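Architecture at a glance
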Amino acid sequence: GESVGLHLPTLSVQEGDNSIINCAYSNSASDYFIWYKQESGKGPQFIIDIRSNMDKRQGQRVTVLLNKTVKHLSLQIAATQPGDSAVYFCAENGGGATNKLIFGTGTLLAVQP
Amino acid sequence: EPEVTQTPSHQVTQMGQEVILRCVPISNHLYFYWYRQILGQKVEFLVSFYNNEISEKSEIFDDQFSVERPDGSNFTLKIRSTKLEDSAMYFCASSVKGANTEAFFGQGTRLTVV
């Protein structure tokens, strides 16, 4: 079946440290992945995406790594700030021409000042 | 910056009543979605909509649910006869293209069925 899961439900880091949030996906047909950030009371906010023909993509302070061999996705946040505190979801498309997203269970990132 | 807007932000309804959740997608987007998130759980896909018809739906989206784009700007989700288990955050999203493209989400409508 299709599923996307996260290794760590809660991650606590010190302000200024780098954060790494991990995600495992089970559908090897998935070829598009997104990281979303969800702050309390708000909808998911797009952070960064990556296609399966890449293994790394960088944005502003964020990097997504994709390891298709072990079906693993990670989000790295450099110099974590208090404003980064939120729940982070990875999502996959399940492969094919579908335009739905399959979300993981989420990781709560808590940034300590 | 353009955004997806949803109304109301919170809806309380009695079990068995019909509810309509409203969304205004980003104006140049062509693909529209509804997702839901039960408290403490992950975001779940309900339905996608393109060219005035449903393009895909999940098992959750049974015959109690319907979607409509009644005019050029609104996109609605109707639940015909609400159940307690329909209580959740409902998110509308839209995207410019279909597959493999970022979807922009609204702030959500919290539906509470009592």
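Relevant structure appears above.
Residues numbered from 1 in each chain as written. Chains lettered and ligands numbered in written order. Predicted model: local features only at pLDDT ≥ 70, side-chain atom pairs only at ≥ 80, totals over all residues. Heavy atoms only, no water.

A word on the overall build of chain A
Each helix and strand counted, chain A has zero helices and eleven strands in total. Beginning at the N terminus, the succession of helices and strands in chain A can be written as β-β-β-β-β-β-β-β-β-β-β. Over its C-alpha atoms chain A spans a radius of gyration of 13 Å, differing by no more than 12% from the 13 Å that the globule rule assigns to 113 residues. Along the three orthogonal principal directions, the C-alpha set of chain A runs to about 45 × 30 × 20 Å. (Helix = DSSP H or I, 4+ residues; strand = E, 2+ residues; numbered from the N terminus. Rg over C-alpha atoms; globule rule 2.2 N^0.38 Å.)

What about the interface of chain A and chain B?
With 22 residues of chain A at the interface, the matching set in chain B holds 20 residues. When the two sides are added together, the surface that chain A and chain B hide from each other amounts to roughly 1,800 Å², 51% of it contributed by carbon and sulfur. Across the chain A-chain B interface, the total number found is zero salt bridges. For the interface between chain A and chain B, the tally reads seven residue pairs in polar contact (both at pLDDT 80 or more). (Contact = heavy atoms within 4.5 Å. Buried area = accessible area lost by both parts, 1.4 Å probe. Salt bridge = Lys/Arg side-chain N within 4 Å of Asp/Glu carboxyl O. Polar contact = N/O pair within 3.5 Å; in protein donor to acceptor, adjacent residues only side chain to side chain.)

A closer look at the sheet that holds strand β3 (residues 19-24) of chain B
All names here are of chain B. As summarised here, the arrangement of the four strands in space is β1-β3-β8-β7, forming an open sheet in which the pairing is antiparallel. Because the sheet does not close on itself, it has two edges, and the strands there are β1 (5-7) and β7 (65-68). On average, each strand axis in the sheet is inclined to that of its neighbour by 20°, with strand direction left out of account. In this sheet, strand β8 (residues 75-79) lies alongside β3 in antiparallel orientation, the contact comprising five bridges. Bridge pairing in β8 places Cys23 opposite Phe75. (Pairing = 2+ DSSP bridges. Axes fitted to C-alpha atoms, helices over the stretch in contact; angles between N-to-C directions.)

Things to note about the pairing of strand β8 (residues 72-77) of chain A
The side chains of a regular strand alternate, residue by residue, between the two faces of the sheet. All names here are of chain A. Bridge analysis of strand β3 (residues 19-25) against β8 gives six bridges, and the strand direction is antiparallel. Counted as the bridge partner of Ile20 is Gln76 from β8. From the end of strand β7 (residues 62-67) to the start of β8, which pair antiparallel, there are four residues, and Lys71 there has a positive phi angle of about 55°.

Regarding the nonpolar core
Where a protein is soluble and globular, its nonpolar side chains tend to be buried together. Core analysis: the biggest nonpolar cluster contains 21 residues, and Trp34(B), Leu46(B), Phe61(B), Val67(B), Phe75(B), Leu77(B) and Tyr90(B) have the highest contact counts within it. Contributions of two or more residues to this core are made by β3, β4 (31-37), β5 (43-50), β7, β8, β9 (88-95) and β11 (109-113) of chain B. In this structure, Phe75(B) is in contact with Leu21(B), Arg22(B), Cys23(B), Pro25(B), Phe32(B), Tyr33(B), Trp34(B), Phe49(B), Val67(B), Glu68(B) and Cys92(B), ignoring residues within four places of it in sequence. Listed in part, the 20 residues of the second largest apolar core include Ile48(A), Val62(A), Leu73(A) and Leu109(A). (Core = buried A, V, L, I, M, F, W, Y, C linked by side-chain atoms within 4.5 Å. Buried < 20%, exposed > 50% of the residue type's maximum accessible area, 1.4 Å probe, protein only.)

Structural notes on the layout of surface pockets
Of the voids in this model, the largest pocket is the one considered here, and its volume is about 430 Å³. Around the largest pocket sit 18 residues that line it, and Pro44(A), Gln45(A), Glu1(B), Glu3(B) and Phe105(B) are the ones nearest its centre. At the level of elements, β5 (45-51) of chain A together with β10 (104-105) of chain B are the ones that each hand at least two residues to the lining of the largest pocket. Tallied by class, the residues present in the lining of the largest pocket amount to eight nonpolar, four polar and six charged. (1 Å grid on protein atoms, 1.4 Å probe; cavity = no way out; pocket = protein on both sides within 12 Å on 5 of 7 lines; lining within 4 Å. Points joined across faces, edges and corners; volume = space filled by probe spheres on them. Nonpolar A, V, L, I, M, F, W, Y, C, P; charged D, E, K, R; others polar.)

Points about the side chain of Asp84(A)
Residue and element names in this part refer to chain A. Tracing the sequence through the fold places Asp84 in the loop between β8 and β9 (86-92). Relative accessible area serves as the criterion here: at 7%, Asp84 is assigned to the buried category. Beyond its immediate chain neighbours, meaning those up to four positions away, Asp84 contacts Lys37, Arg61, Ile77, Ala79, Leu109 and Val111.

Focus on unusual backbone geometry
Between Thr7(B) and Pro8(B) the backbone carries a cis peptide bond, its omega angle lying at -10°. Mapped onto the secondary structure, Pro8(B) falls in the loop between β1 and β2 (10-13). Even without glycine at this site, Ala79(A) takes up a positive phi of about 50°. Within the secondary structure, Ala79(A) sits in the loop between β8 and β9. Non-glycine residue Asn51(B) carries a positive phi angle of around 55°.

Notes on the packing of aromatic side chains
Between two aromatic rings, the relevant description is the distance of the centres plus the angle of the planes. Counted under the stated rule, the structure contains 16 aromatic pairs over all chains. The interplanar angle of 85° and the centroid separation of 6.0 Å between the aromatic rings of Phe103(A) and Phe105(B) together place this pair among those described as edge-to-face. Of this pair, Phe103(A) sits in strand β10 (residues 102-103) while Phe105(B) sits in strand β10, on two different chains. Its relative accessible area of 10% is what places Phe105(B) among the buried residues. Note on Phe49(B) and Phe75(B): the rings are 5.2 Å apart at their centroids and 40° apart in plane angle, and the pair reads as tilted. In this pair, Phe49(B) is assigned in strand β5 and Phe75(B) in strand β8, connecting sequence segments 26 residues apart. As far as the burial class goes, Phe49(B) and Phe75(B) line up, both buried. Taken together, the ring pairs connect Tyr36(A), Phe46(A), Phe89(A), Phe103(A), Tyr33(B), Tyr35(B), Phe45(B), Phe91(B) and Phe105(B) into an aromatic cluster. (Phe/Tyr/Trp six-rings, centres within 6.5 Å; stacked < 30°, edge-to-face > 60°.)

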